[in-house]
Structure formats: C-alpha cells, structure tokens
Amino acid sequence: MESAFILHRRPYHEHSVLVDLLTEHSGRITCIARVAKRKGKIMRGTIEPFRQLAIEWFGRGEVQTLRQVEERRHYAVPISQIARGLYFGELILKLLPKELAAPEVFTAYQQALFDLSSNHQALYLTETDLLASLGLDFVTPVTHKESVPINAQYHYQYTSDVGIELATHTTQGIRLSGQLLLNLYQKLLLDESQQKQYRQFLDHLINQQLGGRPLKTRKFAFEH
Amino acid sequence: MSDVSALQHLINSLTCLPSVGKRTAQRMAFHILENDRGAGSELAVALSSAIEKIGHCQRCRTLTENDYCRLCLDKGRDESQLCVVENPADVLAIEQAAHFRGYYFVLMGKLSPLDGVGPEELELDKLDAILAEGKVTELILATNPSIEGEMTAHYISQLAVKQLINTTRIAHGVPIGGELDYVDKGTLAHAFSGRQQY
Ligand SMILES: [Zn+2]
C-alpha cells in the first residue's frame, strides 16, 4: 500500500466518487472509488481531504480504480482554515502534472496539513515551501544567475527563466524587495505590509504560472 | 432502426435515477412496455409536470409548486429560530425526528469552491436578507460534517456574526461523512437537542 492524500473528490454516479490523490511515490493520480456506508467496503467518510491514507489501486490510463483505503492519520484542520487547506490542494492540482513522481510535494503537503492543524502563525512560509516543492523556488540569499548577495535596500524580480535577479524598470518580472527576500530566507515573521506585498507577489506568480487560469479556492482562502 | 433507438433512449434515460444501473433500467423499460403502458404514460406526465411546476421557495429555497413553501407560509412557527440545511431531504428528516418549530433555509448544496459552488450559487444573499429582518435570534447550522459542510457552516456563521445573531451547530452524534437524511431518528434528535454554541 502507498501513502496518499485526497486533494479533491466529487460524486460519480450514485455509489462512486471520482478522487484526485497525491501519492507519496507515484505522484498525482485520479481514481474512481466505489463507496459504501457499510464496513468492509471503502467507507464514504474516509474519502475526505486532510487525512493521510494508505491506498491500493489498479488500472491504467487517465482514471484508475481504488481497491482499498485505510485511514492512517486525521489532521484536525480548524474549520476556519479548511479553505486554506483546499487552496494548498488546488495549488498541487494545478501545478503538478499527473503521474510525475514527486515525493517532495507529498512531504511539503504533509507539512502544510500539520501547520494548518497546529495553528501555525506564518502560513505564508508554509505556502513558500509548498511552492518550492512544486518548482517555484525563489527564496535565495544570492541572485540566481550572478550569485550576488541579496541587498536589503534593492528590489528584485523573479522570472521562471532566470529566477531572482536585480529588478530594472524595463523588465516585466514580478518585483519583491530585498528585505522581504532576506526575511523569507531566514524564515523570519513578516510584518503586515510585507505580508501584503508578499501576497501580491505570490498571487502574481501563481497567476503567471497558470497562464491566467484562476484558482477557484483563492477567494475563499484569503478573503473570508 | 428508430424503434430500437427509442428503447435504447429510454433505458439510457432511466439510468439517471439513483440506484438504477443498466440492468435495472432495462428491466424497468421492458416492464413498462410489456405490462404497464398506462402507468408508464402516467409516469411520463407526472415527471414532466413536476419538472415544469416545481421551483424554489422564494424565501427558504426549498422545492415548492408555489412562490412560497408550506413551511414558510405556516405562521404558527417560531420565527426566532432559523435552521440551515443542505437539502430538502434534511428538512424532512429534521421535521420527523426533532421537536423543531422554527423555519428553515435550504442551501440546495454546500460551498465547494473547487466545483465552482460559491455563496452566489447558494443564494446566501437571501439568507442574509432574512437575518437582516432582525427576527431570528438563533441560527442553527445543520449542514453535514463533511469538509465542505463545515466550511459552509463557518462561512454562514460569519454572516450571522455581522448581524449579532447567536449561532449554534447540531452536535456531532452524526457520523463523519454521514448525511442527515440517512441518520436514524434517535441520533438526529439527539444531535439537534444537543446543539452547541458555534
Ligand atoms: Zn420556504
């Protein structure tokens, strides 16, 4: 059996659900699960996000079949943070291609659920680590190309080609202050205005990665 | 051949019903065509007239043939209590199991951002308008204890907080992932009377 998290599930005909899962070693998969309310079958209540499951599945192609599901751990995500948890899941759904082994994403998501359930105060750091696992790694003490130390007084920009480099007023990258970048690198708490600046940076970055396709959970995670 | 496709069309259409797979649909279709064409016609008429006539209550959103449902029109109920549920079936379950004399608001679903269901789809502005009338003093959250049900309860409680209305949540004697209309009456009555400050 393999460890997995449910990122999304929706009813599929009467007795089944269509489930998007993040597995520890096999990446992101989509499965159909026949569920029931009786013991012995896959219990409907088990197919919920925020639980670490051990699963067995079979089949080939786009949609496979869940054979067995056991619950290993239930993360008690506070009700007020459910939307944020779904948002983290959607980041994985949108940024991680299917069936690409990504144990680092699994670990980062596991940490994210732990942070959510332990009322971690700096969820922007959690999000930073999750994005890094998904290939959006911009936290660095030096510029990516020239390896020049980040200066707190300067502004930097991020592009997926070059990474972090000194910002110029002609280029179109997403800007970030040197101070903010250094604080992120040292995992220091950000003050309110830095948090706001960072949120804008993240939204812009994710939006660019998704080619403008909106994240459906974003509004719930940050505006309510 | 068009007669074959009419049969196939009927069988396929029947599989839209809960618990009806291909085999059952086939049995139903043959039963109607071989034994009971009269009842079949009646079913067809009942179905299309229900679909045509039944809409949503303008106040609580539940299913009704009229502008307002029977419960909303019942002036004998307690307007200080409003119970929020996901489905019309939940209203029936609570009416049968719990001694509740207040009114309902039926979401006809739950918040599910990944599926594109937000506050607009659930017409939460209608709920907000009822709360703004100032008569409700207890808002009872009876959404299911699923992830989305909890998120919906949380979102609605925020609406109530803005209007300074006391919010309660039915107790979780209800199994996780269970649905109100499946839970037995005793458990539901217990969950309802044991509701707690939210
Ligand atoms: Zn009504």
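Just so it is clear, the structure is predicted and the values come from calculations on it, not from any experiment.

Undergrad: Kindly report on the overall build of chain B, identifying the contributing residues and their values.
TA: The secondary structure content of chain B amounts to eight helices and seven strands. Considering only C-alpha atoms, chain B reaches an extent of 65 × 35 × 35 Å along its principal axes. In chain B, which comprises 198 residues, the proportion classed as buried is 41%. Contacts spanning at least 24 positions in sequence make up 57% of the contacts within chain B whose residues lie at least 6 apart. Just so you have it, chain B exposes about 10700 Å², and 54% of that area is on carbon and sulfur atoms.

Undergrad: Please provide a residue-by-residue account of the nonpolar core, values included.
TA: L91, Y109 and Y198 of chain A are the most contacted members of the largest nonpolar core, which has 76 residues in total. Element by element, the count of residues in this core is highest for helix α1 (residues 82-95) of chain A, at nine residues. Ignoring anything within four residues of it in the chain, the contact list for Y109 of chain A reads F5, I6, L7, L22, F50, G85, F88, G89, I92 and L130 of chain A. Within the second largest apolar cluster, 20 residues are counted, among which are C60, V85, V91 and Y104 of chain B.

Undergrad: So what's going on with the coordination of the zinc ion? Residues and values would help.
TA: Residues and elements named next belong to chain B. At the metal site, the zinc ion is ligated by C57 (SG), C60 (SG), C69 (SG) and C72 (SG), and these contacts range over 2.3 to 2.4 Å. Considering all four donor atoms around the zinc ion, angles at the metal cover 105 to 119 degrees and the coordination shape is tetrahedral. As a motif over one chain, the donors of the zinc ion read C-x2-C-x8-C-x2-C. Of the two residues, C60 sits in the loop between β1 (55-56) and β2 (63-64) while C72 sits in helix α4 (residues 70-73), which places them 12 residues apart along the sequence. With a relative accessible area of 2%, C60 lands in the buried category. By relative accessible area, which is 9% here, C72 ends up buried.

Undergrad: An account of the environment of R77 of chain B is needed here, citing residue identities and associated values.
TA: Residues and elements named next belong to chain B. Within the secondary structure, R77 is located in the loop between α4 and β3 (81-85). Taking the C-alpha atoms as reference, R77 lies 22 Å from L124; in sequence the two are 47 residues apart. Once you skip the residues sitting within four places of it in the chain, R77 turns out to touch L71, E95, F100, R101, G102, Y103 and Y104. Here the side chain of R77 touches G102 through a polar contact of 2.6 Å, landing on its backbone oxygen.

Undergrad: I'd love a proper account of the side chain of Q64 of chain A, names of residues and values included.
TA: All names here are of chain A. Note on placement: Q64 falls in strand β6 (residues 63-74). There is a polar contact of 2.9 Å between the side chain of Q64 and the side chain of W57. Q64 has contacts with T30, C31, I32, W57, F58, G59 and E99, leaving out every residue within four places of it along the chain.

Undergrad: Before we move on, can you summarise the confidence of the model for chain A with the specific residues and values?
TA: Averaged over every residue, the pLDDT of chain A is 91; residues scoring 70 or more account for 97%. Across chain A, element-level confidence peaks in helix α2 (residues 103-117) of chain A with a mean pLDDT of 97 and bottoms out in strand β4 (residues 42-43) of chain A with 77.

Undergrad: So what's going on with the packing of aromatic side chains? Residues and values would help.
TA: Under the criterion given, the structure shown has 11 aromatic pairs over all chains. Counting every residue linked through ring pairs, the aromatic cluster contains F5, Y75, F106 and Y109 of chain A.

The rules we used
- Residues numbered from 1 in each chain as written.
- Chains lettered and ligands numbered in written order.
- Predicted model: local features only at pLDDT ≥ 70, side-chain atom pairs only at ≥ 80, totals over all residues.
- Heavy atoms only, no water.
- Helix = DSSP H or I, 4+ residues; strand = E, 2+ residues; numbered from the N terminus.
- Buried < 20%, exposed > 50% of the residue type's maximum accessible area, 1.4 Å probe, protein only.
- Contact = heavy atoms within 4.5 Å.
- Areas by Shrake-Rupley, 256 points an atom, 1.4 Å probe, with all protein chains shown as cover.
- Core = buried A, V, L, I, M, F, W, Y, C linked by side-chain atoms within 4.5 Å.
- Donors = N, O, S within 2.8 Å, 3.2 Å for Na, K, Ca; no water.
- Tetrahedral: all angles 85-135°; square planar, octahedral: opposite > 155°, others 65-115°.
- Polar contact = N/O pair within 3.5 Å; in protein donor to acceptor, adjacent residues only side chain to side chain.
- pLDDT = per-residue confidence, 0-100.
- Phe/Tyr/Trp six-rings, centres within 6.5 Å; stacked < 30°, edge-to-face > 60°.

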